[in-house]
Amino acid sequence: MPTFSTGQLALGEWWPGDGQDDDDDRNSARTLPRPSSPRQSQLSEPPEHPNRVDRRKLTSMSSSSSSALGGALPSQFGMDPLVQVLLLDSEVLLQSFPRLIGYNIVHGTARMLPALVIYGGTLGLLMCAVCRYRWGVLLSLTLYTVYMFIQSAALLVFSFAGIIKVWNASNTRWYTEYCRFREGAERPCEARPLSLEWKDSSDLDWHDVLHIVMLPSYKTPVQVLEETLQALEKFDLATTCMGVTLAFEQHEEGIVEKARLLKAKFEGRFRFVLVSFHPPNLPNHMPGKSSNECFAFQTLCSELERNHGIHRHDPRVVITVMDDDSEFHENYFEALTYHFVTTPSTRRYITTWQPPICHFKNYLRQPLLVRVSSLFATLSELAALSNPMDCHVNYSSYSLSLALASAVGGWDPDYLAEDWHMYAKCSLMTAGRVRCEPIFLPLLNYTPEEDTYLGTCHSRWEQAKRHALGVSELVYVIQGLYLGLLETRGSLRRLIYFWRICPILGKFAQVHFMNGMSAVLNVLAQFVIHFYMWRSWCYVSEMSQDRGCGLLMQSATQEGIAQEQIVLNSWMVHWQLRLSVSMAFCTLISGGFGAIYFHLVRDRVEGDLAAHPFYRYVILHWINVEVSVTAVGWLSSVIYGAAPLWIAVSRIICEAKFTHVVAGMVGRSLKFEE
């Protein structure tokens, strides 16, 4: 095995983007056998050997499997995979004491940083207010209001744009679009079965693509799983070009019988149905979705190589991860096939695809507080995907190539937010070259639900606390960035690496800190203006009048406040009030767009829509949303946005492992039993 000096590139002379543009061919890069990585290679073996797989084993498996297939797969699947990655191996990179000290400092600071921002920022403003540093407090709050207004305006504009894109995508015939794309190509559009014979990864055809859906599940009722699989069946090529992996937890009571029933019912409806049982108490496996996917992915790769002649670096295979209570749009896999085969081969294997997540499956049964939260979470996701300036990240259910998943070592078993974590991991290991592309065909899923009104609200609260723990991904990205900078040689390359990772840091910080601070700082701003600084400003329209503002300035001068400061405060209050009103207006109108979005997918929503007149008609639904947002919008943002985050940022200081809490569902308990 080759040895690497500290900080040396594990891929020899190769570096993502080394001497070539993003769209250049990466297959010319030279790959060396890879040492094991304690953090990035957390892949479980079969149950009888519950240890992590060494990446050197993956390399040797690649070579032997290619030979075993009798040359059906090209040599690039062995020692020359489609996606080249950095290792971020802490054992190799932190051999020197200064680097180890630096890593510990970065890690400790990253864990404290969210709490310092949330608690420190708020307490700092309060201390400045107590110390009569009024204009500084007002300036900070005004700048934050400007930022929130921009976010509200973006939600208004891009949620509406997203609705248009959803309507357009829902009415697109993707195979027809593909045939138009193939016009003039050397090989025209033609229907033919999936073949194991392969020539060139740059010449994929529609029927060359094999979709594999990974479906991690825990204590989900059989009926819900059947509905999920029936939705997958709607893919026209499901029997020939789609396989399903049912990833269960071994310790779930009655799981063997459940798996047997599902496999017997659906085995002939897909190319194959694979079942995996994730054993409990595996080393470094934190109970939850990510560890289940980690084990299922390794089981899947072994099954593909052994029984289907498909290698883990096969360029035709797309992995789709989905929640077990989700329902893809009936045309999603046609659209995914279109995007996969039409994306240039130099970008195809460093791209992930994301549908907008729509929390409307049980919308008619959701309590008011939960419904408002679901509405804005859905609109925020849609607006983010529609915004070309946004850094899109994977969320809940997403798709990526098997080659990319294999290159980064699969899913890590000891992290909670598997969707964000997988995207962050892919970005860090490819030096920020991975991009998430939207497919505007909504995926519907359930909002947590229990038998009672309060039970549903509590279940949604537990889910919100789990989602808020995703702030820990900031720690992962920051420490991964440190390792990536050590592994990358040259100042310019390090600068490029840092520049490419910054959008992900910004995205993670925006999602969490905006949710955590908006409900607090907006109220604090109004308190500062109307109570604490009441005699320190006046309306701009009254500045030229002797009475009103003139008397206030004379009084303030006697109290030691300069007249110039009164003018400055007055202008800041002027913009603060107007931006706050504009922000509220944008929020209300955006909520109304939610009514339109709901009606685009209403045929897939559970319940009798005719029995709910306020949801049946768009205008009445719009009015209902406006009243609901006005009545409980702020309270909902506090309960399901601010409070969970304030708890999460304090928890990640003291602990890094958390008990997984699955989404509440009638017939399923919340706690993930180890």
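Residues numbered from 1 in each chain as written. Predicted model: local features only at pLDDT ≥ 70, side-chain atom pairs only at ≥ 80, totals over all residues. Heavy atoms only, no water.

Examining the pairing of strand β8 (residues 435–438)
1) Next: Side chains of β8 alternate between two faces, with Cys-436 and Pro-438 buried and Arg-435 and Glu-437 left unburied.
2) Next: As judged from the 4 bridges shared by strand β5 (residues 351–354) and β8, these two strands associate in the parallel manner. In the strand pairing of β8, Trp-353 is matched with Glu-437. (Buried < 20%, exposed > 50% of the residue type's maximum accessible area, 1.4 Å probe, protein only. Helix = DSSP H or I, 4+ residues; strand = E, 2+ residues; numbered from the N terminus. Pairing = 2+ DSSP bridges.)

Here's the deal with helix α16 (residues 473–487)
1) Next: Here α16 spans 21 Å end to end across 15 residues, near enough to the 21 Å set by a 1.5 Å rise per residue.
2) Next: Of all 15 residues making up α16, 13 are buried, and the element is well covered by its neighbours. (Expected span 1.5 Å × (residues − 1).)

Let's talk about unusual backbone geometry
1) Next: The residue Lys-219 is not glycine, and still its phi comes out positive at about 55 degrees.
2) Next: Residue placement: Lys-219 occurs in the loop between β1 (210–216) and α6 (222–233).
3) Next: Even without being glycine, Ala-431 reaches a positive phi, approximately 60 degrees.

As for the confidence of the model for the protein chain
1) Next: Looking at the protein chain, the pLDDT average stands at 82 and 77% of residues meet or exceed 70.
2) Next: For residues 1–14, every residue scores under 50 in pLDDT, and the model assigns this stretch 47 contacts once sequence neighbours within four places are set aside. (pLDDT = per-residue confidence, 0-100. Contact = heavy atoms within 4.5 Å.)

Quick look at the side chain of Ser-518
1) Next: Inspection of the secondary structure puts Ser-518 in helix α17 (residues 491–532).
2) Next: Residue contacts for Ser-518: discarding those within four places in its chain leaves Tyr-144 and Met-148.

Some points on the nonpolar core
1) Next: Grouped together as the largest cluster of nonpolar side chains are 166 residues, with contacts concentrated most on Leu-232 and Trp-411.
2) Next: The element contributing the most residues to this core is α17, with 14 residues.
3) Next: Among all residues touching Leu-232, those that are not within four sequence positions of it are Val-213, Ala-238, Met-242, Val-244, Phe-270, Met-322, Phe-328 and Phe-333.
4) Next: Core analysis: the second largest hydrophobic core is formed by 5 residues, Leu-138, Met-572, Val-573 and Leu-577 among them. (Core = buried A, V, L, I, M, F, W, Y, C linked by side-chain atoms within 4.5 Å.)

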